[in-house]
There are 2 protein chains.
Amino acid sequence: MSDITLAFSIEEYAARLAKVRSAMERAGIEVLVVTDPSNMGWLTGYDGWSFYVHQAVIVPPEGEPLWFGRPQDVNGARLTSYLDPASMFSYPDNYVQNPDVHPYQVLAKVLVDKGLAGKRLGVEMDNYYFSAKCLETLRAELPNAIIADATALVNWQRAVKSEQELVYMRRAARLVEVMHQRIRDVSEHGLRKCDLVAEIYDAGLRGTDGFGGDYAAIVPLTPSGKDASAAHLTWDDRPMRRGEGTFFEIAGCYRRYHAPLSRTLYLGEPPAGMLKAQQAVLEGLDAGLDAARPGNTCGQVADAFFGVLRKYGIEKDSRTGYPVGISYPPDWGERTMSLRPGDKSILAENMTFHFMPAIWTDDWGFETSETIRIRAGAPAECLADVSRELVVKP
Amino acid sequence: MSDITLAFSIEEYAARLAKVRSAMERAGIEVLVVTDPSNMGWLTGYDGWSFYVHQAVIVPPEGEPLWFGRPQDVNGARLTSYLDPASMFSYPDNYVQNPDVHPYQVLAKVLVDKGLAGKRLGVEMDNYYFSAKCLETLRAELPNAIIADATALVNWQRAVKSEQELVYMRRAARLVEVMHQRIRDVSEHGLRKCDLVAEIYDAGLRGTDGFGGDYAAIVPLTPSGKDASAAHLTWDDRPMRRGEGTFFEIAGCYRRYHAPLSRTLYLGEPPAGMLKAQQAVLEGLDAGLDAARPGNTCGQVADAFFGVLRKYGIEKDSRTGYPVGISYPPDWGERTMSLRPGDKSILAENMTFHFMPAIWTDDWGFETSETIRIRAGAPAECLADVSRELVVKP
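Residues numbered from 1 in each chain as written. Chains lettered and ligands numbered in written order. Predicted model: local features only at pLDDT ≥ 70, side-chain atom pairs only at ≥ 80, totals over all residues. Heavy atoms only, no water.

Enquirer: Help me understand the packing of aromatic side chains, please; the structure alone is not making it clear to me.
Expert: Given two aromatic rings, their pairing is described by the distance between the two centres and the angle made by the two planes. In this structure the tally under the stated criterion is 41 aromatic pairs over all chains. On the numbers, 6.1 Å between centres and 85° between planes, the contact of F8 of chain B with Y13 of chain B is edge-to-face. A relative accessible area of 6% places F8 of chain B in the buried class. When its relative accessible area of 2% is taken as the criterion, Y13 of chain B is described as buried. Relative to Y257 of chain B, the ring of Y168 of chain B lies with its centre 6.1 Å away and its plane at 50°, an arrangement referred to as tilted. In this pair, Y168 of chain B is assigned in helix α7 (residues 163-186) and Y257 of chain B in strand β8 (residues 257-267), connecting sequence segments 89 residues apart. Each member of the pair Y168 of chain B and Y257 of chain B is classed as buried. Across the ring face of Y215 of chain A, the terminal group of R256 of chain A is positioned such that the distance to the ring centre comes to 3.8 Å. (Phe/Tyr/Trp six-rings, centres within 6.5 Å; stacked < 30°, edge-to-face > 60°. Buried < 20%, exposed > 50% of the residue type's maximum accessible area, 1.4 Å probe, protein only. Helix = DSSP H or I, 4+ residues; strand = E, 2+ residues; numbered from the N terminus. Lys NZ or Arg CZ within 6 Å of the ring centre and 35° of its normal.)

Rendered as structure tokens:
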């Protein structure tokens, strides 16, 4: 073990594993193949940018999980996870991105060798890191296996945050505060967007005297003007211009835990439509926060928000938030619940969401969002403290 | 169309489409569903961080490709791709990360509506963005469809770079030069790694007066000391220390085109083993560059490099490079050829690779790599100009 300290106590990892095993039992799954790097990290501590090759954590019915990956990443598993090196398995390096062979052939062999191949197997069918070929390979190698869809099984166990997880998310919130402060300080007509993004990274990485920042699972989304009518454009090297709005969807990140927060800035005189949208969004945001209480559903939060929007004559049909916590690219969401009408997931204390009111018209976009914690007896707590109003600069 | 200019001429996009269609014909594929965001961007210009939800570009037998994605990303497709808005299709927003429905149900419907469902369909089976569930959904919706594996079919068409692509890669090389210069300038005992990474981002994003940088598909890999024995660790907020080596695997990125380049830095007196490894790696690198000529195979480049390593008594079995160009997270490689023994892919002029000699022992890591262009009648050209020697600072 290196001098990297685990982000969580061994007891916390054990409790997570027990939660996952309970969920496996309820789902009738005996062995779980976990490919989502967020789930791999949450279960074992493993942390590295190795998810561009095939890897997995296997949760057997008993004993500690098994790490599976590329030989050159075994040292990373030793340095970052609590697992015993005897629980780490790798495939030959010539299996990397080689059309003639597939790492899951070796994973299947590990399952056979460990006596796990005859068990009811759960896989994350709809995950970035479990390709169709992974499934086809498992089926070919283990023709008698019963393979069940366990998409998001682990993700659901991550929904309620521990005290230590909240410590990290609060640090991430401190980071996103200084990032937005920097945006306010430096934005001006003529500043190249790439230079502004450099400032955002600078603030989020240097952080504070106490701690610095990690990379967020999504890069800063910073479109200006008409580009801000699109939800997911990044940046280029053109200058900011007077008469344009820019929204900033960014997150602070500490030890892989995220606090996303969006704000919008306008250089010059904001259009009336944007100011009207702001009024609706801010009022709707408060209504949503008030509805975001233990026992209520995700759908009720969305209804509260969209109800206010409708009052202002604004129709919007995209979802308005999702749970957040530990994550790796390409998404900082947990991909379980959604704050959308009809989502019957019940809120519980210490669930955390990116509550994400945003309006995109064909001419501009306006976003103001909060990372929130569900708490008893009060509207949801906003983890970061950043003024919600449109930032207007000359 | 916004004032974002397309990165390439309409003629270049047309030529790419024609190349892909020829490859489809050779593979007996009539309709291709492209989910790799790098392939989507290369074919249509589409550029946005929307790949965390399902999306695709469909290449029909004739006519322009179809863009398929989330409603809120249609504006992004309008602003960044050359496609006609009539060629853009979206699924309802409540299909996003909703276990009860799947976007590929809608994609299947688009195929049916366009009369493409009866065609022989190619999909990218082993791609991050084509999950097992995508395949299962297509099979359920189109039970009579013949679905073939077209993994990397488009990627292979990207191997030989156009003049304009090389312009962007050379700009990326200028960016990685300033990034490494910054590392040399600021690294010192006591500097927190997160602050150093902020400097790396600052250099790579601000770039030069002429142009700024884009985000690379992999964040800076910057492990120090024993952590550098692991290939893919990122950073934390602990300080750099005298008596430790750090390798920096980073890339400049311009308009999504990458020039990766690794170097290693040591604070204090480097261990003899690292200096010996350096000697072997530098000599092996030259041998590999000399072998990297049109008509030779990828395997021959690897053999030349590993032959020198063996002469020095160093055994290494991981691959030593891969093609690079346009890319999105989580990988800046093209996932086709590999510079590894036995890879029979034949090199051609204007192919570009990240030639990646690296040695990881159990105690440290040493990397020095180059982004190279294959050219006629000479060893491969290194796109960036950065001294290869271990950087030693007090």
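Enquirer: Honestly, the domain arrangement of chain A in this entry has me stumped. Any pointers?
Expert: How big an interface is tends to be expressed through the accessible area that disappears when the partners come together. All names here are of chain A. Here chain A is partitioned into domain 1 (10-158) and domain 2 (163-392). Looking at the side of domain 1 facing domain 2, the largest losses of area belong to Y128, W156 and R158, adding up to 36% of the total buried there. At the surface where domain 1 touches domain 2, the tally comes to eight residue pairs in polar contact (both at pLDDT 80 or more). Within the residue set of the side of domain 1 that touches domain 2, elements represented by two or more residues are α1 (10-27), α2 (37-44) and α6 (153-157). Element by element, the count of residues in the side of domain 1 that touches domain 2 is highest for α2, at four residues. A class-by-class count of the residues in the side of domain 1 that touches domain 2 yields nine nonpolar, five polar and five charged. (Domains from an automatic or database assignment. Buried area = accessible area lost by both parts, 1.4 Å probe. Polar contact = N/O pair within 3.5 Å; in protein donor to acceptor, adjacent residues only side chain to side chain. Nonpolar A, V, L, I, M, F, W, Y, C, P; charged D, E, K, R; others polar.)

Enquirer: Please clarify how the packing of α1 of chain A against α2 of chain A should be interpreted in this entry.
Expert: Residues and elements named next belong to chain A. With their axes 7 Å apart at the nearest point, α1 and α2 run at an angle of 125° to one another. The pairing of α1 with α2 is recorded here as oblique in orientation. Between α1, through Y13, R16, L17 and V20, and α2, the contact on the second element is made entirely by G41, W42, L43 and T44. Looking at the contact of α1 with α2 residue by residue, the class counts come to five nonpolar, two polar and one charged. (Axes fitted to C-alpha atoms, helices over the stretch in contact; angles between N-to-C directions. Parallel < 35°, antiparallel > 145°, perpendicular 65-115°, else oblique. Contact = heavy atoms within 4.5 Å.)

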